[in-house]
Each structure stands twice: as C-alpha cells, then as structure tokens.
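Geometric and topological summary
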Amino acid sequence: MGFKRVIVSIIFIPLFYIIVKYLSPAVFFILIAAGIAIGQYEFYRLFYKSRMTSSIAIGLLCGLILAGTFYRFNNHITPAIAVSIILFLILVAHLFTVTRIESALTDITVTFFGVFYVGWLMGHIILLRGMEEGQNLIFFLFLVTWAGDAGAYYAGTFLGKHKLSRVISPKKTYEGAVGCLALSILMAFAAKYWFFSSITDSNALFLGISFGIISQLGDFSESLLKRSAGVKDSSLLIPAHGGMLDRVDSLLFTAPLLYYYMRFFS
C-alpha cells in the first residue's frame, strides 16, 4: 500500500506543478471545480448510498455555482452572499422535488452541509490562487498539507503504538500526530526557502504548527463522517489513496486557514 501511494504521488505531483505553474488560472479553476463536484458527490453517497437523488443533483449544482463565485469575484464577501442565496435555492428546490415529506428536513440539511463542507471550504483554494503570489500560496498549501499527511501516515505505520481515538479512527496514533506536526513544520520552512521567501520565519513557523494541528482535525472530521456511514474510504477513485474526500480532507481545513491568515495577518 505504501509503495502504491508513492507511485501515485510521483505521477501526480509533477502534473500538478505544471498545471499551477504554466497553465492559466481558468484551467486551475476547472481542476478545483471538478474536485469539488467529485468530493460533494462522494459526501452525498455516504448518506444516500447507492441511489442518485434530486438532493444530490441540487447540491452538486449549488456547489458549482458557489465555486464560480469564488473564481469570478475572488473575495470572501461575494461567496458569503452566494451561500445565503444557495440556502434559499436549496429550500425552494426541495419544494418541487420532495417525494417523502418525512425525509425533507434531513435531505435539506445533508444537501446544504455538502455544499458548505466541500464547496465552501475547498473553494478557498480558488481564492488563494487569485491572490498576489497565488502560485506560491498554492504550492505552500499543498506541500505543507500533504507533507503532514505523509508524516502522519508513515510515523503511524512504523512507529505508532498509542491509539489517538479508538472510536473515530482506530488506526490513528499519537506517534502519527507528532509525525504530522514535525513534517508540517519542516516543510513550511523548506517551502519558504524554495519559493516563498517573502514570508518571514515566524510566519513559516506559525503556519507549519497550525497546519500540523488543523490538518489532523480535517482528517478526523472526515473519519467521523465515514465512520458514522460505515465505510472505510469515500470511494476508490485514487489507487492506494481512496476517494477525493480522502485526499483533500486536510486541505478543506488548511485552505481557509491559509487564506484568512494571509489576508488579515501576514
């Protein structure tokens, strides 16, 4: 399993670098919008299992509309207004599509949460790409987040003995958590000196620590959702990695953190 993870990473990372570095922001937006759609669909399937429903279709459409507002207006205010409009649309759409009145409240809640959890949080990656030094921010975000994921996986696999949470994620350990934090900090400084020298050492340290903590909260949050749904992976989309949600669960938390930190505190 570990070897397959490395092979997939070797293939994907150079491709991702080319997309961010050399292709237009529009291509990057399409990539993230596709990721949002796939991630939302995986989320909805946790609840709806094998059936395609009108609630899934409504949620996917609203998620793409939200992603479009992030790209078109490139600020956090307009998408916030869009969320209000989307909530209204979800409520109205269910007036015309509901088939079982007993499930209406659940359907509306699941639909909206999917838009927020995947569309809103992941949409901050689009906002980061549109900021000054957007390319560097994207590289920093993905490198530090995925380094933390790798640190947690390999430290937990080879050193893990003390369980972190038997209820939510039995395989996660304290040793893995320390590995995530250590590699996040190390990669934050490496990223600073490789291509992002405009941030200070204190910023790199703060972001490395913050990523090392909050990325694990993102991972645990998705594990909680999967555990409650009785599944191991959100899908089998990516060999040795699981589904889209399994690959971006940490990014859903670190992307907003980096965006608001750079916007208001850097």
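Anything mentioned here points back to the structure above.
Residues numbered from 1 in each chain as written. Predicted model: local features only at pLDDT ≥ 70, side-chain atom pairs only at ≥ 80, totals over all residues. Heavy atoms only, no water.

A few words on helix 2 (residues 25–48). Over its 24 residues, helix 2 runs 34 Å from end to end, which matches the ideal 34 Å to within 8%, given 1.5 Å per residue. Where helix 2 ends, the next residue or the one after it, Lys49, has phi of about 55 degrees, a positive value. (Helix = DSSP H or I, 4+ residues; strand = E, 2+ residues; numbered from the N terminus. Expected span 1.5 Å × (residues − 1).)

Time to look at the packing of helix 5 (residues 104–130) against helix 6 (residues 134–159). Closest axis-to-axis distance for the helix 5/helix 6 pair is 6 Å, and the angle between their directions is 140 degrees. With respect to their mutual orientation, helix 5 and helix 6 come out oblique. In this structure, helix 5 contributes Ile125, Leu128 and Arg129 to the contact, and helix 6 contributes Gly134, Gln135, Leu137, Ile138, Leu141 and Phe142. For the contact of helix 5 with helix 6, the class distribution of residues is six nonpolar, two polar and one charged. (Axes fitted to C-alpha atoms, helices over the stretch in contact; angles between N-to-C directions. Parallel < 35°, antiparallel > 145°, perpendicular 65-115°, else oblique. Contact = heavy atoms within 4.5 Å. Nonpolar A, V, L, I, M, F, W, Y, C, P; charged D, E, K, R; others polar.)

So, about a nonpolar patch on the surface. Side chains of Tyr17, Ile18, Tyr22, Leu23 and Val27 sit close together on the surface and give an oily, nonpolar patch of about 470 Å² of accessible area. Residue contributions to the nonpolar patch peak at three residues, all from helix 1 (residues 2–22). Secondary-structure assignment places Tyr17 in helix 1. The class for Tyr17 is partly exposed, based on a relative accessible area of 39%. (Patch = residues over 30% accessible without salt bridge, like charges linked within 9 Å, V, L, I, M, F, W, Y side chains within 5 Å. Areas by Shrake-Rupley, 256 points an atom, 1.4 Å probe, with all protein chains shown as cover. Salt bridge = Lys/Arg side-chain N within 4 Å of Asp/Glu carboxyl O. Buried < 20%, exposed > 50% of the residue type's maximum accessible area, 1.4 Å probe, protein only.)

As a further point, take the nonpolar core. Ranked by size, the top nonpolar core spans 65 residues in total, and within it Ile125, Leu128, Phe140, Leu141 and Leu258 carry the most contacts. It is helix 5 that contributes the most residues to this core, 12 residues altogether. Not counting the four nearest positions on each side in its chain, Leu141 is found in contact with Ile125, Leu128, Phe211, Leu251, Thr254, Ala255 and Leu258. (Core = buried A, V, L, I, M, F, W, Y, C linked by side-chain atoms within 4.5 Å.)

With that out of the way, let us pick up the environment of Ile56. Along the polypeptide, Ile56 turns up in helix 3 (residues 54–73). As a C-alpha pair, Ile56 and Val110 span 54 residues in sequence and 9.1 Å in three-dimensional space. Setting aside anything within four residues of it in sequence, one finds Ile56 in contact with Tyr41, Tyr44, Tyr48 and Arg51.

This brings us to the packing of aromatic side chains. Scanning the entire structure with this criterion turns up 22 aromatic pairs. Seen in terms of ring centroids, Phe43 and Tyr117 are 6.0 Å apart; in terms of plane orientation they differ by 50 degrees. Their pairing is tilted. Of this pair, Phe43 sits in helix 2 while Tyr117 is found in helix 5, placing the two residues 74 residues apart along the sequence. The burial state of Phe43 is the same as that of Tyr117; both residues are buried. Where Phe139 meets Phe195, the ring centres are 5.8 Å apart and the plane angle is 70 degrees; that geometry is what we call edge-to-face. Residue Phe139 is found in helix 6, and its partner Phe195 is found in helix 7 (residues 174–195); the two are separated by 56 residues along the sequence. These aromatic residues form a ring-pair network of at least three members: Phe43, Tyr44, Phe113, Phe116 and Tyr117. (Phe/Tyr/Trp six-rings, centres within 6.5 Å; stacked < 30°, edge-to-face > 60°.)

Worth remembering: the numbers are spatial, not functional.
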